[in-house]
Amino acid sequence: MGSRTLVCTGCGCLCDDVQVDIEGGLPGRIENACARGAAYLRAAFNARRRAGARIRGDACSPEAAIDEAARLLSRARRRLVFGLDSSTQEAQRLAVELAQKLGAVIDGASSFSWGPLIERIVGQDLPSCSLSDVKDKADLLLYWGANPTATHPRHLSRHTYYAYTEFNPAGWYPRVTLASVDVRQTELAAMSKPAFRIKPGGDRGLISGVLGESPADAQAGQLAELVRKSRFCALFCGLGLVQALDGDLDAFTRMVRMPGQSVRMAVIPMIAETNMMGLTRTLHERTSYVNSISFAGDVSGGRQFSFVEQVRQQAADCILVIGSDPFAALPQSLLAQLQGPNVSIICMDHFPTLTADAADVVVPTAVPGVESSGTLVRLDGERVALAEPVKDGPLTQEAALVRLMEKVQP
Ligand code: SF4
């Protein structure tokens, strides 16, 4: 087949310059991908690393798995659709239609991670911008509670620090200040000048010091001065910050707005999932909520419809998990509520996961970007079109959802 250029769906960077030589149906040389992206692509071509169709642990055909999934969903009374944070826009729209048809609850992983920050960005309480806007224009790159060298390996080289084409007079360093706030000494902190080191949970105190709402310590004063002296500060927020603030972003929002017109501020979440931003936007456009939505009767949203609350309250009797692995992310004490005869789990995924291991039915699906095309929304809100598939694979999530939709009885 020769060399093909792909969008890598290995992390939220969605690098669109990855070249893969396909030799005899297998990947040969891979260029431009990081080690994580190359491993992800090679796994997509490795049949032993892929999920297989299963019904209660026994191998079956994908058609039989879809029939059984439809039977379980039709029999259930309180359905929950969860995941979709790495699905294409097209699959997400179909899943929302399925949830509507079934009068189900629908939720994504943002309800226990990025939800509060995304809500503020989507609602335009917090300013944001595209990564292309950042490159060469921002003069301060501030990473807070984020270590892209581990989570988004090409973030710095493709989109920010190393992507700058203007250098300092000596020609050594990009003409931009790289700064970080973190509780740990990370690779990024080692590169940052300055690096603000805070104690776990110290984010709120630093923010209130910058705002002048508590006695400012030296770090708060230095950070406030750094931002005040910049023209355009791109603030990359990690999950460390969002979780330290425990969903209360009022003071953080005030801090971002504090410089007013004198400094352009833009907040970009360091989301690892490839299309969480797309799912939250789709849900917001349709329902005005970014996650945790019920289609039973009138559309309603709220914490009680989050995956965690649904599991805690044992509210769902059939859960369709699409492209997500809550069993790897949430505490076992919570997930133990899902074991037993009163709840069925259906898992649609391309790789084997802990959730697939626990599921009654596994429907294998195509790897987006390798075996299926479509559109994703990158962490900065930019739409990214996937390349045409480079290999045949199982059903796409879209095709599996269409078949499920045809077969289920509300
Ligand atoms: S940074 Fe992410 S999207 Fe880019 S090649 Fe690596 S894994 Fe793939």
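This structure is a prediction, so every number in the text was calculated from the model and none was measured. (Residues numbered from 1 in each chain as written. Predicted model: local features only at pLDDT ≥ 70, side-chain atom pairs only at ≥ 80, totals over all residues.)

1. So, the nonpolar core
Move 1: Within the largest apolar cluster, 123 residues are counted, with the highest numbers of intra-cluster contacts made by Val81, Ala95, Leu235, Phe236 and Cys237.
Move 2: Top element by residues in this core is helix H3 (residues 89-102). It accounts for seven residues.
Move 3: Shared between two domains, this core takes at least three residues from each, and those domains are domain 1 (51-111 + 274-407) and domain 2 (115-269). (Core = buried A, V, L, I, M, F, W, Y, C linked by C-beta atoms within 7 Å. Buried ≥ 20, exposed ≤ 12 C-beta atoms within 10 Å, placed from the backbone. Helix = DSSP H or I, 4+ residues; strand = E, 2+ residues; numbered from the N terminus. Domains from an automatic or database assignment.)

2. A few points about the pairing of strand E17 (residues 361-364)
Move 1: The side-chain alternation of E17 yields two buried faces, one formed by Val361 and Val363 and the other by Val362 and Pro364.
Move 2: Across two bridges, strand E4 (residues 54-55) lies against E17 in antiparallel orientation. Counterpart to Arg54 in the pairing with E17 is Val362.
Move 3: Here four bridges tie strand E16 (residues 344-349) to E17, and the two strands are oriented parallel to one another. Within E17, the position partnered with Met348 by the bridge is Val363. (Pairing = 2+ DSSP bridges.)

3. Observations concerning the site of the ligand
Move 1: Taken together, 14 residues sit near the ligand, with Cys8, Gly10, Cys11, Cys15 and Gly37 positioned nearest.
Move 2: Looking at the shell around the ligand residue by residue, the class counts come to nine nonpolar, three polar and two charged. (Near = placed C-beta within 6 Å. Nonpolar A, V, L, I, M, F, W, Y, C, P; charged D, E, K, R; others polar.)

4. Some thoughts on the domain arrangement of the protein chain
Move 1: Under the domain assignment used here, the protein chain contains domain 1 (51-111 + 274-407) and domain 2 (115-269).
Move 2: The C-alpha centroid of domain 2 is placed 33 Å from the C-alpha centroid of domain 1.
Move 3: Every contact between the two is made by twelve residues of domain 1 and, on the other side, nine residues of domain 2.
Move 4: The class makeup of the residues in the side of domain 1 that touches domain 2 is three nonpolar, six polar and three charged. (Contact = placed C-beta atoms within 7 Å.)

5. Quick look at the pairing of strand E8 (residues 140-144)
Successive residues of a regular strand alternate their side chains across the two faces of the sheet.
Move 1: When you tally the buried positions in E8, you get five out of five residues, the bulk of the element.
Move 2: Side chains Leu140, Leu142 and Trp144 project from E8 onto one buried face, and the interleaved Leu141 and Tyr143 project onto a second face that is buried too.
Move 3: Pairing of E8 with strand E11 (residues 232-237), which is carried by five bridges, proceeds in the parallel orientation. By the bridge assignment, Leu140 is partnered in E11 with Cys233.
Move 4: Pairing analysis gives five bridges linking E8 to strand E9 (residues 177-182), with the strands arranged parallel. Following the sheet pairing, Leu140 is matched in E9 by Thr177.

6. Some words on helix H1 (residues 35-44)
Move 1: The set of residues buried in H1 consists of Gly37, Tyr40, Leu41 and Ala44. Taken end-on, H1 shows its buried residues confined to a sector of 95°, consistent with a single buried face.
Move 2: Packing partners of the buried residues in H1 comprise strand E2 (18-23) and strand E3 (26-31). (Arc of directions from axis to C-beta.)

7. Structural notes on unusual backbone geometry
Move 1: For the bond running from Lys193 to Pro194, omega is 10°, close enough to zero to count as cis.
Move 2: Position of Pro194 among the secondary structure elements: in the loop between helix H8 (187-191) and strand E10 (195-197).
Move 3: Of note, Leu84 is a non-glycine position whose phi angle comes to about 70°, a positive value.
Move 4: With respect to the helices, strands and loops of the structure, Leu84 is situated in the loop between strand E6 (79-83) and H3.
Move 5: Accessibility expressed as a C-beta count within 10 Å gives 32 for Leu84, which makes it buried.

8. Topic: the sheet that holds strand E7 (residues 105-107)
Move 1: Strands sit in the order E5-E4-E17-E16-E15-E6-E7-E13-E14 across an open sheet of nine strands; the sheet is mixed. Each edge of the open sheet is held by one strand with a lone partner, namely strand E5 (58-59) and strand E14 (300-301).
Move 2: Seen against the sheet, helix H2 (residues 62-75) touches E4, E6, strand E15 (318-322), E16 and E17 and runs at an angle of roughly 130° to E17. (Axes fitted to C-alpha atoms, helices over the stretch in contact; angles between N-to-C directions.)

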